[in-house]
Amino acid sequence: MSLLELTDLTRTFGSVAAVEGVETTLEEGEIRGLIGPNGAGKTTLVNLLSGFLTPTRGHIVFGGERIERAPAHARVEHGVGRTFQTPQVCAGLSTLDNIVLGSHRRLAAARLRNLAGRRRTSLGALRREAAAVGGHVGLGDLLATPAGALSYGHVRLVEIARALMAKPRLLLLDEPVAGMNEAESAEVAEIVRSLPAEGTTVLVIEHDMPFVMGLCSRISVLDRGRLIADGTPEQIQRDPHVEDVYLGSLA
Amino acid sequence: MSRRTVTRGAIGLAALAGMYALAPAYDGTFFLSFMVDVLILGLAALGLQHMVGDAGVLNLGQAAFFGLGAYGGVWTLQHWHWTTLPAFGAAIVVALAGAVVMAPLLRLRGVYFAMASFAFGAMMFEVFGQAVSLTGGENGLFLIPPPKIFGHVLIGNRDSYLLVLSVGVVCYAAFALLMRSGYGLSLHAVRQSENGARASGVNVARMRFIALALGVVPPALAGVLYAQVHSIVQSTIFDFNQSVALITMVIVGGVASRWGAFAGALVAQYVAVYPQSIAQYRFLLYGGVVALLMIVLPGGIASVGRALAGARGALVRTRI
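Because the structure is predicted, anything quoted here is derived from the model rather than measured. Residues take numbers from 1 onward in each chain, read along the sequence in its written order. Lettering of chains starts at A and numbering of ligands starts at 1, both following the order in which they are written. Reporting in this predicted model follows two pLDDT cut-offs: at least 70 for local features of residues, and 80 or more for side-chain atom pairs to be given and counted; totals over whole chains, interfaces and linings ignore these cut-offs and use all residues.

Caption draft 1: The overall build of chain B, seen in detail. Numbered from the N terminus, helices here are DSSP runs of H or I no shorter than four residues, and strands are runs of E no shorter than two. Of regular secondary structure, chain B possesses 15 helices and two strands. Burial analysis of chain B (320 residues in total) assigns 44% to the buried set. Considering only contacts within chain B whose residues lie at least 6 apart along the sequence, 73% involve residues at least 24 apart. Exposure in this text rests on C-beta crowding, where 20 or more other C-beta atoms within 10 Å of a residue's own make it buried, 12 or fewer make it exposed, and counts in between make it partly exposed. The C-beta atoms are placed from the backbone. Residue pairs are scored as contacts if the distance between their C-beta atoms, which are placed from the backbone, is within 7 Å.

In structure tokens:
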């Protein structure tokens, strides 16, 4: 069974279909790239998958369950994590606290257990775990810094670390290396490459073609809301249709 | 613990000891009665600070919960002869029922919620005024017994002060601890980055409701305390002016600060009570004080330490 199955997934805004009739499947352990020109509907698709938008039509089956009507916070419980194209972190909280927030579900569960008088899963334990995750993505020296004082690239890493704290089965990355230099983006690629081994499947939107081609096992191409191609990086690079709408303009 | 934490803790403890020391020092004076009212209003403002400052829920109908607590508690005091602590429980239940009624309004955001909460407060004021059999209406309920805790009847302004101060300290500590817990972290996230919070699995609607529900508890207790200390409650105490007064206390004290709620209550109550010779210009004076404070200290009274440190830093820099 596939981890994620999309059937006729459609979202319209007024008379404009931002995403129309998208059908695809993601297999467990995949790193899938999602590319397409500006306005193709990539972020809308991520918003549909993460519950920030509900579809006008169609189904999202995740791990065998229909989730298209579940609100955003419930998608996290299902195991869908995400980052944002424009990072959404709490500027006034430290880097560490921002990462701890990703374990919200376990925090809440710990609170309930505390009320029931069972053994305490303390905030301290989650902080230690968050520090380890932060260190893993390269934020080890910045944990005490307020997120509002971080550079753009570091804020993107905070978002990734926060999403990883929830141990997602599917992680949606919306332009994770935008505004990063080559060395930084290579580090992000390294982090993403390590995720499938930890049980996290990845869907990544990115305009940086070398990044996508080098990282992804499969790539889907979206154009004007429709999925126009699906294949390995080699197949996508050779697809004349894709070249027309996208790659050609960048090459 | 950092030096700053230790310093802050020491200042806090000294302030607390000083507050308790006021009781024997000013026993029987008008000043102590004045401080009782400051603390009661500060309690109501403390709950509002949690809603506005911690959760970003701009409630302009907080006086309704002050009233619900007062009437809920007084009913049990007068009809069932309960003592203060069980009456607190009843007050909390009634105020929470009010929070449940207000809950659908939480779908609204920003100024839209503010408007709706204002309307909620106005409706509740109308209910308080009309439900004469329960509230006594504008004439009020009289002969409310004084506070009684564990068999001790607390009469006189020293006892009242110690009771109100202790309730204030407990509520203050409870909110301080809450905001340092995982709940506080999630609530910070809801206010600072709602999208980030949702993407982390935080149920934003639920968090906003919990913050509202917790924020109605201190005003409910304040309602009972007010009624028992003054032995009378009239519906006019819980009108729109009171809601505005409470939000002003929170803003003047510093939206982000718990003790600021009490500082704001002190300023408001001082201006309302003390300048007897210029009584007719009271609101003019208050308006001027509020406007000036907001210009000089946009972070409220609670930010005075930071502002002074900043000013000192600027002086040092200028000298170099």
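Caption draft 2: Representation of the overall build of chain A within the structure. Each helix and strand in chain A was counted, giving ten helices and ten strands. All radius of gyration figures rest on C-alpha atoms, and the globule criterion is 2.2 Å times the number of residues raised to 0.38. Here chain A has a C-alpha radius of gyration of 18 Å; the compact-globule value for 251 residues is 18 Å, and the two agree. Counting only C-alpha atoms and orienting by the principal axes, one finds that chain A spans roughly 60 × 40 × 35 Å. Buried residues in chain A amount to 45% of all 251 residues. If you take every contact in chain A between residues at least 6 apart in sequence, the share linking residues at least 24 apart comes to 66%.

Caption draft 3: Local environment of the sheet that holds strand β6 (residues 80-82) of chain A. Residue and element names in this part refer to chain A. Spatially, the six strands line up as an open sheet ordered β6-β7-β8-β3-β9-β10, and their pairing is mixed. Each edge of the sheet is formed by a strand with only one pairing partner; in this case those strands are β6 and β10 (226-231). On average, each strand axis in the sheet is inclined to that of its neighbour by 20°, with strand direction left out of account. Note on pairing: two strands pair once DSSP finds at least 2 bridges between them. In the sheet, strand β9 (residues 218-223) pairs with β10 via five bridges, with the strands oriented antiparallel. Simply put, an axis is a line fit to the C-alpha atoms, just over the touching stretch for a helix, and the angle between two N-to-C directions goes from 0 to 180 degrees.

Caption draft 4: Structural context of the nonpolar core. The nonpolar core is taken to be a set of buried Ala, Val, Leu, Ile, Met, Phe, Trp, Tyr and Cys residues joined by way of C-beta atoms within 7 Å. Counting residues in each nonpolar core, the largest one holds 158 residues, and the members touching the most others are Ala161(A), Ala45(B), Ala91(B), Ala95(B), Leu221(B), Met249(B) and Val250(B). By convention here, the domain bounds are inherited from an automatic or database domain assignment. The two domains that each donate at least three residues to this core are domain 1 (1-79 + 168-251) and domain 2 (91-166) of chain A. Not counting the four nearest positions on each side in its chain, Ala91(B) is found in contact with Gly69(B), Gly72(B), Gly73(B), Ala220(B), Leu221(B), Gly223(B) and Val224(B).

Caption draft 5: Expanded view of the interface of chain B and chain A. Contacts between the two partners involve 17 residues from chain B and, on the opposite side, 25 residues from chain A. Counting residues per element, the ones that place at least two in the side of chain B that touches chain A are α8 (182-192) and α9 (194-199) of chain B. Gly counts as polar in this scheme, as do all residues outside two lists: the nonpolar Ala, Val, Leu, Ile, Met, Phe, Trp, Tyr, Cys and Pro, and the charged Asp, Glu, Lys and Arg. The class makeup of the residues in the side of chain B that touches chain A is five nonpolar, eleven polar and one charged.

Caption draft 6: Up close: the packing of helix α4 (residues 84-102) of chain B against helix α11 (residues 217-230) of chain B. Residue and element names in this part refer to chain B. At a closest axis distance of 8 Å, the pairing of α4 and α11 adopts a crossing angle of 130°. Considering the angle they form, α4 stands oblique to α11. For the pair α4 and α11, the sense of crossing is right-handed. Packed against α4, whose contacting residues are Thr84, Ala87, Phe88, Ala91, Ile92 and Ala95, the element α11 presents Val217, Pro219, Ala220, Leu221, Gly223, Val224 and Gln228 at the interface. Residue classes in the contact of α4 with α11 are distributed as ten nonpolar, three polar and no charged. These descriptions rest on fixed angle ranges, namely under 35 degrees for roughly parallel, over 145 for roughly antiparallel, 65 to 115 for roughly perpendicular, and the rest for oblique. Take the far helix as your reference; a near helix turned counterclockwise from it by less than a right angle gives a left-handed crossing, and one turned clockwise gives a right-handed crossing.

Caption draft 7: Molecular detail of the packing of helix α7 (residues 157-180) of chain B against α11(B). All names here are of chain B. Contact pair α7 / α11: the axes reach a minimum separation of 11 Å and the direction vectors enclose 180°. Classed by the angle they form, the pair α7 and α11 counts as roughly antiparallel. For the pair α7 and α11, contact is made by Ser160, Val164, Val167 and Cys171 and by Pro218, Leu221, Leu225 and Val229, respectively. Looking at side-chain class alone, the contact of α7 with α11 contains seven nonpolar, one polar and no charged residues.

Caption draft 8: Summary view of helix α7 (residues 182-193) of chain A. Residue and element names in this part refer to chain A. One fewer than the residue count of a helix, multiplied by 1.5 Å, yields its expected span. Taking 1.5 Å as the rise per residue, α7 with twelve residues should run 16 Å; its terminal C-alpha atoms sit 16 Å apart, in good agreement. All of the buried residues in α7 are Ser185, Val188, Ala189 and Val192. Seen from one end, α7 has its buried residues packed into an arc of 105°, which puts them on one side. Facing away from the buried side of α7 by over 90 degrees, the exposed positions are Ala183 and Glu190. The arc in question is the one traced by the directions running from the helix axis out to the C-beta atoms.

Caption draft 9: Structural view of the sheet that holds strand β2 (residues 16-26) of chain A. Residue and element names in this part refer to chain A. Taken in spatial order, the four strands make up an open sheet running β2-β1-β4-β5, and their pairing is antiparallel. Whereas interior strands pair on both sides, the edge strands pair on one side only; in this sheet they are β2 and β5 (65-66). Of the strand pairs in this sheet, strand β4 (residues 57-62) and β5 are connected by two bridges, and their pairing is antiparallel. Looking across to β5, one finds that Phe62 is bridged to Glu65. This element, helix α1 (residues 42-50), spans β1 (4-13), β2 and β4 of the sheet and lies at about 65° to β2.

Caption draft 10: Focus on the pairing of strand β3 (residues 31-35) of chain A. Residues and elements named next belong to chain A. Counted residue by residue, β3 has five buried out of five residues, so it is predominantly covered. Taking every second residue as pointing to the same face, both faces of β3 are buried, with Ile31, Gly33 and Ile35 on one and Arg32 and Leu34 on the other. Examined bridge by bridge, β3 and strand β8 (residues 201-205) share four bridges and lie parallel to one another. What sits directly across from Gly33, in β8, is Val204. Here β3 pairs with β9 via four bridges, running parallel. The partner of Leu34 across the bridge, within β9, is Ser220.

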